[in-house]
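Per-entry structural report
Listed below are the residues making up each chain.
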Amino acid sequence: MDLGVRWKLHGDGRTPAPGAVVRPDERLSWPRTAGLGAQHVVAMFGASFVAPVLMGLDPNLAIMMSGVATMVFLLATRGRVPSYLGCSLSFVGVAAVIRADGGSSATVTGAVFVVGGALFLVGLAVRKFGARIIHAAMPPVVTGAVVMLIGFNLAPVTASTYWPQDQWTALFVMLFTGLSVVCLRGFWSRIAIFLGLIFGYVLSWAQDRIFGQIHSADASGKVTDHWRLDLSGVGRADWIGLPDFHGPSFEWSAILVALPVVIALIAENAGHVKAVGEMTGDNLDDKLGTAISADGVGSMLSTAVGGPPNTTYSENIGVMAATRVYSTAAYWAAAGFALLFGLCPKFGAVVAAVPGGVLGGITVILYGMIGLLGAQIWLNAKVDLRNPLNLVPAAAGIIIGVGNVSMEFTDTFSLSGIALGTVVVITGYHALRAFAPAHLKTQEPLLDEGTSSYDPGGSEEDQRAKS
């Protein structure tokens, strides 16, 4: 059985020839491959470490399980889809809602475990019936609206939790991170979040030395005098050791809050498979279902031991685009480095010490970017918001999600925020479509955001272009 773990040496093993690319089944020399693997780890550092901190989970365990999930993904796709699976930011809002309702870390990971299982089943369905079922159940207007409300639902977390801890540091980190994203080029722009973290660390350290302690809310919300950057935990941490493991706990209320994120993960995976296919020149449609299922399995493995969920990372797509090296050997090297970092508690303690003001500045951009990915799905699919069939369910669901509107059905069961908004978007769209007049049900694009072609011949527009 070909597991995609054998690679041909590309050229002399040093650098690709002008205009050439290193394909997934090729590699450069092992030292260069290891260097590329380290670069992939750095690329996912920022978001992959910020996410578990925001979710209240162990960053050491997060990085370790990201390596495990990446290995599972590469084996499942037989080395045809180069990808790194890092901690998914789509679940940050879910974790915040669950914890606000009194949920523990076990409750968070239990809810996300179920989402991973649902994603696995969706992948199996796509493998059996084809990618058309994604569009049938979740057309772009629905997918975009759900992704948007998930991102914008996070706004109160930044406004009430992180930003007040140190507003000036938050402001400067926001400006620096924004400039890094816009002004830097190539690889450096892909690690803008990581650079923002480093800038925030240095700025907080300098302010502590110059101005002393700050009088503001700490991480618990209590207003007190405290250091912006507290590294006391780093000194107590060991250099080598296992991260903290815990089992999941399953509660229906938390599971219902988390399930809508399945839609965002499907969009992320579909987009990743399409992007990789376009860069490598391979038609990877047959691997879409496998990629989605592998993502689900990786998330289930991670959350089963107390880690966060994982998903494909666009930062690493950027590294491939910049280097033109698509070798899966580099991703195996990256996964190996991730496992080693996960065994260093001192490293995790440094990450866990991220000042609240720094998180405030980063999350302003990060959460907004998550929400606007929904708008990007609409743009890519040319969703017409002048059509009330699209406009009404999307508008209602987004306001419910962003405003955290609650609906009580019984004394013990209610839906609110992300969960209720998603239900309104999905059921509202399909219910309205069933009763809408024919002129409002014009044919939408058959391709959901992030998928290649469902039919060998492509769309009618493609056929006309060819002729």
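Residues numbered from 1 in each chain as written. Predicted model: local features only at pLDDT ≥ 70, side-chain atom pairs only at ≥ 80, totals over all residues. Heavy atoms only, no water.

So the rule is basically this: UniProt positions are given in the numbering used here, feature names are shortened, and annotations may be inferred rather than shown by experiment.
An unreviewed UniProt entry annotates the chain as Solute carrier family 23 protein originating from Streptomyces tunisiensis. The chain has a UniProt comment under Sequence similarities (unreviewed entry) that states "Belongs to the nucleobase:cation symporter-2 (NCS2) (TC 2.A.40) family."

**Description of the nonpolar core**
Quick note on the threshold: Residues belong to a common nonpolar core when they are buried Ala, Val, Leu, Ile, Met, Phe, Trp, Tyr or Cys residues joined through side-chain atoms within 4.5 Å. Partly exposed describes any residue whose relative accessible area lies between the buried limit of under 20% and the exposed limit of over 50%, with all areas from a 1.4 Å probe on protein chains only and scaled to the type maximum. Counting from the N terminus, the helices are the DSSP runs of H or I reaching at least four residues and the strands are the DSSP runs of E reaching at least two. Should any heavy atoms of two residues lie within 4.5 Å, those residues are counted as being in contact.
If you look at the biggest cluster of nonpolar residues, it comprises 95 residues, and the most contacted ones within it are Met55, Val92, Leu288, Tyr367 and Trp378. No other element matches helix H13 (residues 261–280), which puts 10 residues into this core. Leaving out residues up to four positions away in the same chain, Tyr367 has contacts with Leu54, Val92, Gly151, Leu154, Val157, Thr158 and Tyr162. Formed by 5 residues, the second largest nonpolar core is a distinct cluster that contains Val22, Leu28, Val325 and Ala330.

**Topic: a nonpolar patch on the surface**
Under the convention used in this document: Think of a patch as exposed residues, more than 30% relative accessible area, with no salt bridge, where like charges cluster within 9 Å and nonpolar side chains (Val, Leu, Ile, Met, Phe, Trp, Tyr) cluster within 5 Å. In this description, accessible areas are obtained by the Shrake-Rupley approach with a 1.4 Å probe, and a residue is regarded as covered only by the protein chains that are shown. In what follows, salt bridge is the name for a side-chain nitrogen of Lys or Arg lying within 4 Å of a carboxyl oxygen of Asp or Glu.
Together, Leu242, Phe245, Leu340 and Leu343 line one region of the surface with nonpolar side chains, adding up to about 410 Å² of accessible area. Among the structural elements, Leu242 can be located in the loop between helix H11 (232–236) and helix H12 (252–258). Classification of Leu242 as exposed rests on a relative accessible area of 62%.

**Remarks on helix H3 (residues 92–100)**
Regarding H3, the residues found buried are Val92, Gly93, Val94, Ala95, Val97 and Ile98. Positioned one or two residues after H3, Gly102 has a phi angle of 95 degrees, which is positive.

**A closer look at the packing of helix H6 (residues 140–152) against helix H18 (residues 356–381)**
Selection criterion: Simply put, an axis is a line fit to the C-alpha atoms, just over the touching stretch for a helix, and the angle between two N-to-C directions goes from 0 to 180 degrees. Roughly parallel means an angle under 35 degrees; roughly antiparallel, over 145; roughly perpendicular, 65 to 115; everything else is oblique. By the convention adopted, Pro, Cys, Tyr, Trp, Phe, Met, Ile, Leu, Val and Ala count as nonpolar, Lys, Arg, Asp and Glu as charged, and the other residues, Gly among them, as polar.
Packing of H6 against H18 leaves a shortest axis separation of 6 Å and a crossing angle of 170 degrees. The orientation of H6 relative to H18 falls into the category roughly antiparallel. Contact residues: H6 offers Pro140, Val141, Thr143, Gly144, Ala145, Val147, Met148, Gly151 and Phe152, while H18 offers Tyr367, Gly368, Ile370, Gly371, Leu372, Leu373, Gly374, Ala375, Ile377, Trp378 and Ala381. Residues that form the contact of H6 with H18 fall into these classes: 14 nonpolar, 6 polar and no charged.

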